[in-house]
Amino acid sequence: MKAALSIGLLPVVIAALAGCSASGGAAASGPSKGGGTITVWGRSGASEVKPLIQAYEKANPGEKVQYTPVADAQFLQKLSNAVRSNSAPDVIAFDLVNAPLLGTEGLLADLSSKTSALASDGELMKPAMQAGQVSGKQYSLPIAVGSSQMIWNKGLFKAAGLNPDKAPANLAEVEHDAEAIHKLDPKTYGFSTLGSAGGAYTGFPMMWADGGQLLSSLGSKQKATWASSPAVSKDLLWLQQMWKSGVMPPTEAPNQDPGGQTMQMLDTGKIGIAFTGTWAISGADAQKQQWGYAAGIPGQSGKLSGFLGGDGLGIVASSKHQSSAWDFLKWSVSSKTAAKLVLANGTVPPNTTQAKALLKSDPAHSLQALNSARLPLSIAYNAVINDPNGPWTTAAQNVIFNGANPATVLPQAATAADKLISAAYNQIGS
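Residues numbered from 1 in each chain as written. Predicted model: local features only at pLDDT ≥ 70, side-chain atom pairs only at ≥ 80, totals over all residues. Heavy atoms only, no water.

1. Considering the pattern of salt bridges
Applying the stated rule across the entire model yields four salt bridges. Here Arg43 and Asp72 are joined by a salt bridge, their closest N and O atoms 2.6 Å apart. Here Asp72 lies in helix H3 (residues 72-84) and Arg43 lies in strand E1 (residues 36-43), a separation of 29 residues in the sequence. By relative accessible area, Arg43 is classed as buried at 14%. (Salt bridge = Lys/Arg side-chain N within 4 Å of Asp/Glu carboxyl O. Helix = DSSP H or I, 4+ residues; strand = E, 2+ residues; numbered from the N terminus. Buried < 20%, exposed > 50% of the residue type's maximum accessible area, 1.4 Å probe, protein only.)

Pasting the structure below:
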């Protein structure tokens, strides 16, 4: 049994995934033989969980699920506290980026023997399954996935004299087309990103497409590799140039990332090209606004890549209802009803056979985008990548919006990231 992460490391690991411990990641088994009530906690962003539970109870009258949504920002801390006080739920639904820490920490039950026996095991998306693996063992299953992609406003393309049916093939074409669109109207902008420019969802894909590497493999010797990867610097400088040229929308505060206002501007037709996610614009909106979709985000090379996002389900190792909990997980990844609910919620079901059958017409290229999607795995992911004051975001934003030199700030950020990763592993004793 691994010791719970101490309060002293919360600045590192709550930002970096707050640690929790349980009874050591034992194999999913237990006295429960099905039936009765299980408890499920889900991060508030996992909006597919509640309808899945309702459908599961309807399909399985003998099963009851008590659901508690928890604010994303509080999820890991509340879970850590619950484990310490022996009041943890049976099942948790969490952001896939948290899977490596939860598995490494020993909080989740080992599902390996059960997943290998699943009829749908080979049909579950491999990158999403890999997110739930630690040292060859499966600790969680994906229930809803999505990826990054580039979209473009066909109406603005046509007005600018561009081919509305042709996606920009690489970053040079994105820049050319964005400039042409911005010339139409000073308040119409050629390019933006949804969320943080240079962030994991919209920045990493262009770097991966160009052969860049951000982190080495998951494990106690993991290092940030972005400082020694030429594609990372090159693509950050491309974003810097896009900002300087004025094709990206400004904000009230100087040199501030405009990503927070991108969705509203997309809805009003004021942005020509956006790096975003497969979930951002629904099929109906795409037809209404005449959006075009690429199956990923391009790099300077013309290759496409994407960031794998989504939610996973795991059974808490200390659960006394392991069998009933597994019944819920199994249904969630195997049932056609579950797949339809996930798709209706704006994400893609992890079962590729079901996803292909349901997405016979896929104008948004959701499945194609997932083919090239990746998820960088780290137990300190949130502290290193997601934290707005963390090493990656600080360095990337400094390059893009303040004109910093990547050769200076990226090595400094990598050193800080390495310390966070090392601290996280030291704290859990791995």
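2. Here's the deal with the sheet that holds strand E8 (residues 189-193)
The strands making up a sheet associate through hydrogen bonds between their backbones, and the pairing can be parallel or antiparallel. Read from one edge to the other, the open sheet built from four strands follows the order E8-E9-E7-E10, with strand pairing classed as mixed. Unpaired on one side and paired on the other, E8 and strand E10 (291-293) mark the two borders of the sheet. Averaged over all pairs of adjacent strands, the angle between strand axes in this sheet comes to 20°, irrespective of strand direction. The sheet contacts of helix H8 (residues 171-182) involve strand E7 (148-153), E8 and strand E9 (271-277), and relative to E8 the element is tilted by about 130°. (Pairing = 2+ DSSP bridges. Axes fitted to C-alpha atoms, helices over the stretch in contact; angles between N-to-C directions. Contact = heavy atoms within 4.5 Å.)

3. Brief notes about the side chain of Gln240
With respect to the secondary-structure elements, Gln240 resides in helix H10 (residues 230-245). Looking at Gln240, the relative accessible area reads 9%, which means it is buried. Residues within four places of Gln240 in sequence aside, it is in contact with Val399, Ile400, Gly403 and Ala404.

4. Here's the deal with the packing of H8 against H10
Across the interface, H8 lies against H10 with an axial gap of 11 Å and an inter-helix angle of 5°. With respect to H10, the element H8 is oriented roughly parallel. Residues Leu171, Val174, Glu175 and Ala178 of H8 pack against Asp235, Trp238, Gln241 and Met242 of H10. A breakdown of the residues in the contact of H8 with H10 according to their chemical character gives five nonpolar, one polar and two charged. (Parallel < 35°, antiparallel > 145°, perpendicular 65-115°, else oblique. Nonpolar A, V, L, I, M, F, W, Y, C, P; charged D, E, K, R; others polar.)

5. Some thoughts on the pairing of strand E2 (residues 63-70)
Relative to E2, E1 is paired through eight bridges, and the arrangement is parallel. The residue of E2 that forms the bridge with Ile38 is Val65. In this fold, E1 hands off to helix H2 (residues 49-59), which returns the chain to E2; that crossover is right-handed. (Right-handed = clockwise from strand over helix to strand, strands pointing away.)

6. Section: helix H14 (residues 336-344)
If you check which residues of H14 are buried, you get Ala338, Ala339 and Val342. Projected down its long axis, H14 shows its buried positions confined to an angular sector of 100°, all on one face. Of the exposed residues in H14, the ones pointing more than 90 degrees away from its buried face are Lys336, Lys340 and Ala344. On its buried face, H14 is in contact with H2, strand E6 (141-146), helix H13 (322-334) and helix H15 (352-358). A side-chain oxygen of the first residue of H14 lies 3.0 Å from the backbone nitrogen of Thr337; this N-cap is Ser335. Gly346 lies just past H14 and shows a positive phi near 100°. (Arc of directions from axis to C-beta. Polar contact = N/O pair within 3.5 Å; in protein donor to acceptor, adjacent residues only side chain to side chain.)

7. Thoughts on the sheet that holds strand E11 (residues 297-298)
Strand order in the open sheet formed by three strands is E11-E12-E14, with mixed pairing between adjacent strands. Looking at which strands have only one partner, the edges of the open sheet turn out to be E11 and strand E14 (373-374). By the bridge criterion, two bridges tie strand E12 (residues 304-307) to E14 in an arrangement that is parallel. When the bridges of E14 are listed, Phe307 appears paired with Arg374.

8. Thoughts on the nonpolar core
The biggest cluster of nonpolar side chains holds 72 residues, and the ones touching the most others in it are Phe191, Trp226, Leu236, Trp238, Phe275, Val384 and Trp392. At 10 residues, the largest contribution of residues to this core is made by helix H19 (residues 406-428). Discounting chain neighbours no more than four positions away, the residues touching Phe191 are Val174, Ala178, Trp238, Leu239, Met242, Val247, Met248, Pro249, Ile271, Ile273 and Phe275. Within the second largest apolar cluster, 29 residues are counted, among which are Val40, Ala109, Trp326 and Ala338. (Core = buried A, V, L, I, M, F, W, Y, C linked by side-chain atoms within 4.5 Å.)

9. Quick notes on unusual backbone geometry
Positive phi, normally seen in glycine, also occurs at Asn86, with a value near 60°. By the element assignment, Asn86 lies in the loop between H3 and strand E3 (91-95). Accessibility expressed as a relative area gives 74% for Asn86, which makes it exposed. At Ser135, a position not held by glycine, the phi torsion is positive, near 50°. By the secondary structure assignment, Ser135 is in the loop between strand E4 (133-134) and strand E5 (137-138).

10. Remarks on the environment of Ala364
If you trace the backbone, Ala364 turns up in the loop between H15 and helix H16 (366-371). Sequence-wise, Ala364 and Ile151 are 213 residues apart; in three dimensions their C-alpha atoms are separated by 8.8 Å.

11. Quick notes on the packing of aromatic side chains
Applying the stated criterion to the full structure yields 11 aromatic pairs. For the ring pair Trp152 and Phe157, a centre distance of 6.3 Å and an interplane angle of 45° mean the geometry is tilted. Overall, Trp152 belongs to the buried group, its relative accessible area being 4%. Looking at Phe157, the relative accessible area reads 0%, which means it is buried. With a centroid separation of 5.5 Å and an interplanar angle of 75°, the aromatic rings of Phe191 and Trp238 are classed as edge-to-face. Residue Phe191 is located in strand E8, and its partner Trp238 is located in helix H10; the two are separated by 47 residues in the primary sequence. (Phe/Tyr/Trp six-rings, centres within 6.5 Å; stacked < 30°, edge-to-face > 60°.)

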